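If you want the building blocks of each chain, they are given just below.
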Amino acid sequence: RGGLTAVLELGVLVSGSGTNLQAILDAVAGGELDARVRIVVSNKPGVLALERAERAGVPSLVIRHQDFGTREDFDHELVSALQGAGARLVVLAGFMRVLTPGFLRAFPGRVVNIHPSLLPSFPGVRAQAQALAHGVKVTGCTVHFVDEGVDTGPIIAQRAVPVLDADTATTLTTRILEQEHSLLVEALRRLAARQEPG
């Protein structure tokens, strides 16, 4: 600790098993990442990511998108929860919802996503299957800032993963995910180092 870095105050949005959340929690616990996870919010109840938060002693919350009439109302509730918990940087760790402009305005330049391809190639869903369908020999993962497009924001960090002849979408997904965990932590470390102290 020390130096001129400021602690990242993180809010993490999840929809599933939360392996990228676990990578963040482990890095924080191990002193590799100067951050505090203020809150974990899931749009789905009963997912493994919520158990991971509980085990780490991190507050968590379920905000079901189905409970809201519009995406804007859902995002407004997300923003209230994140801001109420003291989150200053939002990490999308397998969060399967597209955020509205209103959400992005609440955290300008402070929403980060991890995507399983080397953007700008293969944005959107099923990026691993897209890579296989195109016959590329190299794909990977990207950590980027979120803007109003789909997977179009400024890139923070990338890592290449070779596509093997025998790969299926499942095997490729697994190998990319292994790299996502360390890349996400590395990208957050870069952001912590860039923050002004205070």
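Keep in mind that this is a model prediction, so the values were computed, not measured.

Each value, and the rule that gives it
Residues numbered from 1 in each chain as written. Predicted model: local features only at pLDDT ≥ 70, side-chain atom pairs only at ≥ 80, totals over all residues. Heavy atoms only, no water. Pairing = 2+ DSSP bridges. Helix = DSSP H or I, 4+ residues; strand = E, 2+ residues; numbered from the N terminus. Axes fitted to C-alpha atoms, helices over the stretch in contact; angles between N-to-C directions. pLDDT = per-residue confidence, 0-100. Contact = heavy atoms within 4.5 Å. Core = buried A, V, L, I, M, F, W, Y, C linked by side-chain atoms within 4.5 Å. Buried < 20%, exposed > 50% of the residue type's maximum accessible area, 1.4 Å probe, protein only. Expected span 1.5 Å × (residues − 1). Arc of directions from axis to C-beta. Salt bridge = Lys/Arg side-chain N within 4 Å of Asp/Glu carboxyl O. Phe/Tyr/Trp six-rings, centres within 6.5 Å; stacked < 30°, edge-to-face > 60°. Lys NZ or Arg CZ within 6 Å of the ring centre and 35° of its normal.

## Section: the sheet that holds strand 4 (residues 89-92)
As summarised here, the arrangement of the 7 strands in space is 3-2-1-4-5-6-7, forming an open sheet in which the pairing is mixed. Only two strands of the sheet have a single partner each, and these edge strands are strand 3 (60-62) and strand 7 (155-162). Geometrically, the sheet is characterised by an average inter-axis angle of 20° between neighbouring strands, direction not taken into account. Pairing analysis gives 3 bridges linking strand 4 to strand 5 (residues 111-115), with the strands arranged parallel. Each residue of the ladder has a partner; that of L92, found in strand 5, is N113.

## Things to note about the confidence of the model for the chain
Detailed reading of the predicted coordinates is not advisable wherever pLDDT is low. For the chain, the mean per-residue pLDDT works out to 94, and 95% of the residues sit at or above 70. Here residues 1-5 scores under 50 on pLDDT; set against residues more than four positions off or in separate chains, the count is 6 contacts.

## Focus: the nonpolar core
L10, V12, I24 and L188 are the most contacted members of the largest nonpolar core, which has 39 residues in total. Broken down by element, this core gets its largest block of residues, 9 residues, from helix 6 (residues 169-194). Residues within four places of L188 in sequence aside, it is in contact with L8, L10, I24, L33, L89 and V91. Formed by 18 residues, the second largest nonpolar core is a distinct cluster that contains V41, L78, A81 and V90.

## A short note on helix 3 (residues 71-84)
Its 14 residues give helix 3 an end-to-end C-alpha distance of 20 Å, which sits within 8% of 20 Å, the value for a rise of 1.5 Å per residue. All of the buried residues along helix 3 are F74, D75, L78, V79, A81 and L82. With its buried residues spanning 165° around the axis, helix 3 presents them on a single face. Summarising the geometry of helix 3, the exposed residues directed more than 90 degrees from the buried face are H76 and G84. Buried residues in helix 3 make contact with strand 1 (8-14), strand 2 (35-42), strand 3, strand 4 and helix 4 (101-106).

## Considering the pattern of salt bridges
Counting across every chain of the model gives 6 salt bridges. Notably, a salt bridge pairs R36 with E9, separated by 2.3 Å at the nearest N-O pair. Pair noted here: R36 is in strand 2 and E9 is in strand 1, with a separation of 27 residues, a long-range link. E9 sits in the buried class, given a relative accessible area of 14%.

## Side note on unusual backbone geometry
Cis geometry is found at the peptide bond from L119 to P120, where omega equals 15°. Tracing the sequence through the fold places P120 in the loop between strand 5 and helix 5 (127-134). For F122, which is not a glycine, the phi torsion comes out positive at approximately 55°. Relative to the elements of secondary structure, F122 occurs in the loop between strand 5 and helix 5. Positioned with a positive phi, R126 is a non-glycine residue whose angle comes to about 55°.

## Considerations on the packing of aromatic side chains
Geometry of an aromatic ring pair is reported as the spacing of the ring centres plus the angle between the planes. Evaluated as defined, the whole model comprises 2 aromatic pairs. Consider the rings of F103 and F107, whose centres lie 5.6 Å apart with planes at 35°: the pair is tilted. Overall, the relative accessible area of 0% leaves F103 in the buried class. Stacked on the ring of F74, the Lys or Arg R97 has its end atom at 5.7 Å from the ring centre.

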